Amino acid sequence: MISRARLTTGENDMRIIRRLWQYWKKYTFVFVLYIVLGFAVSGLALLLPGISGDIIDKAVGGGRGDLLLPLIGSYLLIIIANKVIEYFRGVMLTDYAQRTLVAMRNDVFDRLMYQSTAFLHNQPSGELMTLYAGDADVCKNFMITIPTMITQAVTMIAAIGLMISVNVWMALGTIVFMPFIAYASRLYARHMRPINMLARERGSELNSVVQENIGGMRIIRSYNREAYEIGRMDRANGAYRDVMIDHITTNAKYSMVNHTSILLPQVVSFIIGAMLMLLGVDRGGISLGGYMAFWGYSSYVLSPVMAFATGYVNSYQQAIASGTKLFNFIDMGSSVTDKPDARPIREGKDHFRFEDVSLSIDGKIILDHIDLDIPRGKHIAVTGTTGCGKSMLVKMLMRFYDPISGRVTYDGTDLRDLKLADLRRRVGLVAQEAFLFSDTIENNIAYFDPDAPDEAIFRAADIAQAAEFVREMPDGFKTVVGERGVGLSGGQRQRLSIARTLLKDAPLLVLDDSTSALDMNTERELLDRVRTEMTDKSVIIIAHRVSALKDADEILFMKNGRVIERGTHAELMALNGEYATMARDQYGAMYGSEGGF
Amino acid sequence: MARNRYFEDESFEETKKSKTALRRTLAFALPYKKYFFIGLIYALLAMGASLIRPIMDKELIDRVIPSGDPKQVVVFAAVLLLMMMAEVGFLTLRNYILIKTGHRIIYDIRKKIFDHLQELSFDYYDTRPGGKIFVRVTSYVNALSGLLSTGLLTMVMDMLQLIVIVVMMLLLSPRLTLISFLVCIPLILFVRAFQGTMRYKWRSMNNKISNCNAYMSESIMGIGTIQSFDRQELNKDIFNELQTKVQDRWVNLIRYNSLFFPVIDMTGTVGTMLMYVLGFLLVTGGSIELGTVVAFSGYLSRFWAPINNISSMYNTIVQTMSNAERIFETIDAEPTIRDKEGAVPLPEKLRGEVRFDHVNFSYEKEDREILHDVSFTARPGGSYALVGPTGAGKTTVVNLISRFYDVDSGSVTIDGFDVRDVTLFSLRERVGVLMQDNYIFSGTVMDNIRYGRLDATDEECVAAAKTVCAHDFIMRLPKDYQTALNEGGTSLSAGERQLLSFARMILADPEIIILDEATSNIDTHTELLIQSAIERLLAGRTSFVIAHRLSTIKRSDCIMYVSDGGIAERGTHEELLALKGRYYELYQSQFRKNT
């Protein structure tokens, strides 16, 4: 999916860990404090057995009633101190961990906002939801285990020291096996890695099936494809379940290997210990007490070793699988971004120009050597065959796509040398698909400027011929429309979408086939209003109806990515080419006896 | 129901059903009781193996070491190794079988909610952002996995352990047991109060998460619009604000939740201390031995471990139930459009008469009426054009034929069958709709055409594409029919998407055909080319065509001018022109523009 300079596994792991740490860097003190307080908590806890021993031996057993209350009091105090520290320590870490999660999610959102739409459209929406909802969480959860890992590692080293102090031979019996344990956990890691990657992918695929079903629900219902979709989901759901079962199966197998590799050193140490006890203390052996103490310490070594060998390895592998996807997305540059020395646009003449522009996507030629001059105030109409590249042409004005050869200029400057945000402010594009947000009609129209005064909103709605139907709605401009404008007809959505762009008041207005669902009367009134309001501004209208095209200063007829005819309506009619045929077809379909249904 | 927006919390109706969320979740585990039983056996075996350890230690000290025989040490070590491996092995098996079963249950629950979503009608989807439906099928279901795998069994084991310990304590000293239990009363009260607050807090937190999801999901869909309106920075602020709300709830929740274990631990400690005080009094009074107090304190510490575990599990249950409630809320949502009992399929042979009889309709009960007292009869095989201003209700009329919504009053019949009396499957099989919103699924071009009829051969798909003149553009795609399209088909132009959807519909070969703005983004030339195909398709079938181009409409058998919630004018093109009414006006406007 996302290609990156080829990194070795190790290099990639390092990159992910470094990236994860960046979110924690400014909270280093939290990490340190958490660890330090952790030692304080364990230290306090170590005092407790002694006190409860005293309570039994001295107070209850020894009949020292006077000692009872002070002992109980100190016991309670220590417990309270312990719990209070523990409480604040836990709350602190969870709080800051959540902050890093928010930061990661904000970064995903930021990338989404600025990534090129061409790239984003090729991502299954379930994948983006997985990055945001799943991957970020997995990474957060891994990071909060790190302080515990450090605490355990320190405890482990201390315990090894203590073991050695009790008896070198017994300790060696345990220590010799460490490399084997390390090797076993490496093997385990190597096997879990692909499974974790696969589990993450299958989770993302599952999410995509769900997303697609919500999006395509209407088509699914109208074609009776519920059973088919259920079958698709069963496969995705089953594939996810199977990889998770595979996960636990492999886990179980390695758990046996890992546990055995930890049991062996225990048994060896035991044999050595027992032999030393047989030897007796006076002949260089150890006492029963020493033997018991040794086992006490060894549990401090072996349980963290076990945690490292299994649990941590697994959550590390998961974090790498998720982190790789997450940071590939976050760190990937956009194909459409500002150059470092990008020029801002302050006051411009708003003169756009296509100079010998070609565009191809995935090897398919979309636009083939296009020239077009759009000085401010010019009204241009574009028409042509289905899929001829009309929409792509206007999308290039906003740099949704960059040319592969030639250039698009603004006041003589290549668009790629301008600040993207400034450029996009100069163009008001009404996209073919009238996408509305689940919000009030008012907020949808004021999308560019949420602080726009009501009058501006009403005016834009009025020009777009939307005011009337909006006022008829139960809550007028405060009516909430569903996601994608659910509840509105296609024509209503288009008019709101035009109103939204009109409010932006850009010097160049582009209507990309955005009146197709309007009836003829409304379309005419709308376009007439737009033309009179926009006399000092440039307008590009893409349409199929001659009625919408004919009043433009220049009409382009496109076919297969090329402009094959251009001129005014009269000129093109006189040329008697494709445009004239189209006009006659539309006219003939209405008045003539041929064609049309 | 009012439409829910990304920043609005979903309401939650506290019904009897929500209280049974746990029982209903556990019902999903019931079919797997065999595996839980096996898991229990493994758990008991592992426990047995671990209990032998202390006995062996005693054996070692009392017998093996004094014997002074190295051979015995080695034999002993071998037995020890075996015992430990047995313990580890049984534990691993227990986890394996439980977690595996957990994933199977998760699969079942996900299937249940997804299958139900396939039954829910348009109105369910109309009234809430898709992102809020999405989380219920994905993360909410995943959240149940901990409870449904090892969680349940661990709880059962802890309860068993608790019972054994309580019995032991009672046998040892009823008086000491009683005083230790005294502290359990405030504890139970605390846990109950705590649970109520936590349930509320988790719900509120989930609402905020759900809002973020809805916003994210909508931002993915609308990214083109967002970028062209230069809203990135503002939207980032909105997203950050939504996230901050999650953060605030989270910290608040954690502050509260983190009190849970300290309080339980403290209660345990207080209980132990009280026991010591009483023990002291009893020992000094001479009524019990010191040894009893020591032994009792040993049991008491073991008494609190399972209590801790059970409380922790209880806490997890409160948390996961806030997810389960939402899942069951969806599963319980009644599809407003469904087969009624005794629904029959439409007959094999349809004449294709469609009749509206005094139909009234509004999308939401309190909303204004979209259609008011609409009646018409479409004769079999006739072609009907619906024209009129946008938003007048043309799409609504055709939505009612496919029964995407139900009429408020009156009836829609096909060949005399009320659409509410026939099976939805047979109805939608016979009525083909080409909608304004032509969704393209991720998959190849071929897959998308075949969506119309799943058993169609490649040749049939290609033939359908040729009929609607889609073949040419498809052949220009990098891998022609095998070209992979993305979700939504954004790599195609709108006109190309319409052609593909058209091919899909041709392949489905329905008997009643509805074309809703089917060719609005297709150029005139292509439209003319596919006209003969459309004519052939429509011949002999009842059809409804919504279009704004008069050229598309003119030759219909009957034109219905829809406006103000009803059919204002109806008749043939000539009749309506002669009427000099609103259709005439529309026609004139087109005429004026083209000369």
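Residues numbered from 1 in each chain as written. Chains lettered and ligands numbered in written order. Predicted model: local features only at pLDDT ≥ 70, side-chain atom pairs only at ≥ 80, totals over all residues. Heavy atoms only, no water.

Some words on the overall build of chain B
Link 1 in the chain: Helix and strand counts for chain B stand at 24 helices and twelve strands.
Link 2 in the chain: Rg of the C-alpha trace for chain B: 35 Å, well past the compact-globule value of 25 Å for 595 residues, more than 25% over.
Link 3 in the chain: Reported as C-alpha extents along the three principal axes, the dimensions of chain B are approximately 120 × 55 × 55 Å.
Link 4 in the chain: Residues classed as buried in chain B amount to 58% of the 595 residues present.
Link 5 in the chain: Summarising the internal contacts of chain B: among those between residues at least 6 apart in sequence, 77% fall at separations of at least 24.
Link 6 in the chain: When the accessible surface of chain B is totalled, it reaches about 24,200 Å², and 59% of it is carbon and sulfur. (Helix = DSSP H or I, 4+ residues; strand = E, 2+ residues; numbered from the N terminus. Rg over C-alpha atoms; globule rule 2.2 N^0.38 Å. Buried < 20%, exposed > 50% of the residue type's maximum accessible area, 1.4 Å probe, protein only. Contact = heavy atoms within 4.5 Å. Areas by Shrake-Rupley, 256 points an atom, 1.4 Å probe, with all protein chains shown as cover.)

Here we look at the overall build of chain A
Link 1 in the chain: Secondary structure assignment for chain A yields 20 helices and twelve strands.
Link 2 in the chain: Relative to its full complement of 597 residues, chain A shows a buried share of 59%.
Link 3 in the chain: In chain A, the share of contacts with a sequence separation of at least 24, taken over all contacts with a separation of at least 6, comes to 76%.
Link 4 in the chain: Summing over all exposed atoms, chain A offers an accessible surface of approximately 23,300 Å²; the carbon and sulfur share of this is 58%.

Notes on the domain arrangement of chain A
Link 1 in the chain: As assigned here, chain A comprises domain 1 (9-331) and domain 2 (352-591).
Link 2 in the chain: Once you take the C-alpha centre of each, domain 1 of chain A and domain 2 of chain A turn out to be 55 Å apart. (Domains from an automatic or database assignment.)

Structural notes on the side chain of Thr396 of chain B
Link 1 in the chain: When you line up the elements, Thr396 of chain B lands in helix α15 (residues 394-401).
Link 2 in the chain: Among all residues touching Thr396 of chain B, those that are not within four sequence positions of it are Phe361, Tyr363, Ile370 and Leu371 of chain B.

Brief notes about the sheet that holds strand β3 (residues 379-384) of chain A
Sheet strands pair via backbone hydrogen bonds, and the direction of the pair is either parallel or antiparallel.
All names here are of chain A.
Link 1 in the chain: The six strands are arranged β6-β9-β10-β3-β11-β12 in an open sheet whose pairing can be described as mixed. One side of each edge strand has no neighbouring strand; the edge strands of this open sheet are β6 (427-430) and β12 (562-567). Each adjacent strand pair in this sheet contributes to an overall mean axis angle of 15 degrees, direction not counted.
Link 2 in the chain: Here five bridges tie strand β9 (residues 508-512) to strand β10 (residues 538-542), and the two strands are oriented parallel to one another. Across the sheet, residue Leu509 finds its bridge partner in β10, namely Val539.
Link 3 in the chain: Contacting β6 and β9, helix α16 (residues 490-504) runs over the sheet at an angle of about 180 degrees to β6. (Pairing = 2+ DSSP bridges. Axes fitted to C-alpha atoms, helices over the stretch in contact; angles between N-to-C directions.)

Some thoughts on helix α9 (residues 174-182) of chain B
All names here are of chain B.
Link 1 in the chain: Turning to α9, its buried residues are Leu176, Thr177, Ile179 and Ser180. Along α9, the residues classed as buried sweep out an arc of 165 degrees about the axis, all on the same side. Summarising the geometry of α9, the exposed residues directed more than 90 degrees from the buried face are Pro174 and Leu178.
Link 2 in the chain: Turning to α9, the residues buried within the fold contact α8 (145-172), α10 (184-221), α13 (260-285) and α14 (290-332). (Arc of directions from axis to C-beta.)

Considerations on the packing of aromatic side chains
Link 1 in the chain: Scanning the model with the defined rule gives 41 aromatic pairs over all chains in all.
Link 2 in the chain: Geometrically, the ring pair formed by Phe352 of chain A and Tyr410 of chain A is edge-to-face, given 5.1 Å between the ring centres and 70 degrees between the ring planes. Linking Phe352 of chain A in strand β1 (residues 352-361) with Tyr410 of chain A in strand β4 (residues 405-410), this pair joins segments that are 58 residues apart in sequence.
Link 3 in the chain: Every member of this aromatic cluster is reached through a ring pair, and the members are Trp21, Trp24, Tyr27, Phe29, Phe31 and Tyr96 of chain A.
Link 4 in the chain: Over the ring of Phe122 of chain B we find Arg218 of chain A, and its NZ or CZ is 4.6 Å from the ring centre.
Link 5 in the chain: A cation sits over an aromatic face here: Arg241 of chain A above Tyr107 of chain B, 4.2 Å from the ring centre. (Phe/Tyr/Trp six-rings, centres within 6.5 Å; stacked < 30°, edge-to-face > 60°. Lys NZ or Arg CZ within 6 Å of the ring centre and 35° of its normal.)

Observations concerning the pattern of salt bridges
Link 1 in the chain: Following the criterion strictly, the structure yields 59 salt bridges over all chains and no others.
Link 2 in the chain: When the shortest N-O distance is used, the salt bridge between Glu442 of chain A and Lys478 of chain A registers 2.9 Å. Of the two residues, Glu442 of chain A sits in helix α13 (residues 441-445) while Lys478 of chain A sits in the loop between α15 (467-472) and β8 (480-481), which places them 36 residues apart along the sequence.
Link 3 in the chain: Residue classification places Glu442 of chain A among the buried residues on the basis of a relative accessible area of 13%.
Link 4 in the chain: A salt bridge links Arg450 of chain B to Asp458 of chain B; the nearest nitrogen and oxygen atoms lie 2.2 Å apart.
Link 5 in the chain: By relative accessible area, which is 19% here, Arg450 of chain B ends up buried.
Link 6 in the chain: Taking relative accessible area as the criterion, Asp458 of chain B reaches 35% and is therefore assigned partly exposed.
Link 7 in the chain: Several salt bridges share partner residues, and in doing so they unite Glu127, Asp135, Arg200, Glu201 and Lys325 of chain A into one network. (Salt bridge = Lys/Arg side-chain N within 4 Å of Asp/Glu carboxyl O.)

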